[in-house]
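Coordinate analysis (summary)
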Amino acid sequence: MPFLDVAGHSLEYGGEPTLVFLHEGLGSIRQWRDFPAQVAAATGCCALVYNRYGYGNSDVLAEPRVTVRFMHDEALVALPELLTKLKIGSPVLVGHSDGASIALIYAGAGHRARGLALMAPHVFVEDMGIRSIERVRQQFETTDLPERLGRYHRDARRTFYLWNDAWLDPQFRHWNIEEYLPSISVPVLAIQGVDDEYGTMVQLKSIRERIKGSCEVLELAHCGHSPHRDQPDTVLSAIERFVRGLV
């Protein structure tokens, strides 16, 4: 995989840009598995996948911790710089969890995008999500989760606490990005699993009620926090239809 200097850090990326995949809070290029390639093949588009700062083989987090605005930093600084350097004018952003929130901030701040395909997006904090994140912290400290994450990240411990410390910071309880939604005029596809342990349909309700553009909502039964893994055929079909409608 090649590397690119973005916002003062070396980031690993791959592919030619059109669809830009934004991974979840503990995700990486490799954890997407073959999903980006499947979407690219189904839509006839090219796909860009990259590891954010602190993830995968990109630079390891050097700071003691990130701030509660770490998703803002990515959406407003790193992602625009990455797209400018790669000469991507108007991408379709495909975001999962934190990556979906980054896509919303990016588009809501006025940066160009053709559309947003969002899986398990967060626009504010729910108590049940915090409880789940607390449980994951216990699992990280008592099970083989560090070893499993170590298959995908240069420093699994730094990556884990980058995400976990931020979400469990008391100030993060007030994190809310609904202010960005009324400025979003591009089409949105929002996908949510009914059994998601980190968020509920109220997140998608807020998005649908506030954005200017069209918003298709897909609620999936028997589906948790990763719709593209739990319901791959349904999600692939929905994103293919959505992207073809854009291009």
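Refer to the structure printed above.
Quick summary incoming for the structure in this document.

Calculation notes
Sequence positions are assigned chain by chain, starting from 1 and proceeding in written order. Under the rules for a predicted model, residues below a pLDDT of 70 receive no local features and side-chain atom pairs below 80 are neither given nor counted, while totals for whole chains, interfaces and linings still include all residues. The side-chain quantities take in all heavy atoms of the structure and omit both hydrogens and water. Helix and strand assignments follow DSSP, with helices taken as H or I runs no shorter than four residues and strands as E runs no shorter than two, numbered in order from the N terminus. For a helix, the expected span equals 1.5 Å multiplied by the number of residues minus one. Pairs of residues are marked as contacts when any of their non-hydrogen atoms sit within 4.5 Å. Helix axes are fitted only over the stretch in contact, all axes being lines through C-alpha atoms; the angle between N-to-C directions runs from 0 to 180 degrees. Note on angle classes: values under 35 degrees are labelled roughly parallel, values over 145 roughly antiparallel, values of 65 to 115 roughly perpendicular, and the remainder oblique. In this classification, the charged set is Asp, Glu, Lys and Arg, the nonpolar set is Ala, Val, Leu, Ile, Met, Phe, Trp, Tyr, Cys and Pro, and all remaining amino acids, among them Gly, are polar. By definition here, a salt bridge exists when the distance from a side-chain nitrogen of Lys or Arg to a carboxyl oxygen of Asp or Glu is within 4 Å. Relative accessible area decides the class of each residue, using a 1.4 Å probe on protein chains only: under 20% of the type maximum gives buried, over 50% gives exposed, and in between gives partly exposed. Definition of nonpolar core: a set of buried residues of the types Ala, Val, Leu, Ile, Met, Phe, Trp, Tyr and Cys, connected through side-chain atoms within 4.5 Å. The handedness criterion is simple: a crossing whose near helix is rotated anticlockwise from the far helix by less than a right angle is left-handed, and one whose near helix is rotated clockwise is right-handed.

Details of helix α4 (residues 127–142)
If you check α4, its first and last C-alpha atoms are 23 Å apart, about what 16 residues at 1.5 Å a residue would give, namely 22 Å. In this fold, the buried residues of α4 make contact with α5 (145–149) and α6 (156–168).

Some points on the packing of helix α2 (residues 70–85) against helix α3 (residues 98–108)
One way to put it is that α2 packs onto α3 with a least axis distance of 9 Å and a crossing angle of 70°. The orientation of α2 relative to α3 falls into the category roughly perpendicular. Mapping the contact onto sequence places F70, M71, H72, E74, A75, L76, L79, P80 and L83 in α2 and D98, S101, I102, I105 and Y106 in α3. In the contact of α2 with α3, the residues fall into 10 nonpolar, two polar and two charged.

Notes on the pattern of salt bridges
This structure, assessed with the given rule, holds 11 salt bridges. The residue E209 makes a salt bridge to K205 at a minimum N-O spacing of 2.7 Å. Of the two residues, E209 and K205 both sit in helix α7 (residues 202–210), four residues apart, roughly one turn of that helix. Since its relative accessible area comes to 43%, K205 is described here as partly exposed. Shared partners join several salt bridges into a network, and the residues in it are R137, E141 and D165.

Section: α6
An ideal rise of 1.5 Å per residue puts 18 Å on 13 residues; α6 measures up with 18 Å between its terminal C-alpha atoms. In terms of residue burial, α6 counts as a mostly covered element, since 10 of its 13 residues are buried. Listing the buried residues of α6 in full gives A156, T159, F160, Y161, L162, W163, N164, D165, A166 and W167. Summarising the contacts, the buried residues of α6 are in contact with α2, α3, α4 and α5.

Observations regarding the nonpolar core
Ranked by internal contacts, the top residues of the largest apolar core, which has 64 residues, are L79, L104, L116, W167, I184, V188 and I207. When near neighbours in sequence (up to four residues on either side) are disregarded, I184 contacts L104, A107, G108, L116, I211, K212 and G213. Counting 27 residues, the second largest nonpolar core, distinct from the first, contains A117, L220, L236 and A238.

Here's the deal with the packing of α4 against α6
Closest axis-to-axis distance for the α4/α6 pair is 10 Å, and the angle between their directions is 150°. Taken together, the axes of α4 and α6 are roughly antiparallel relative to one another. Handedness of the α4/α6 crossing: left-handed. Within the contact between the two elements, α4 uses I130, I133, E134, V136, R137, F140 and E141 and α6 uses A156, R157, F160, Y161, W163, N164, D165, W167 and L168. Taken together, the residues of the contact of α4 with α6 break down into 10 nonpolar, one polar and five charged.

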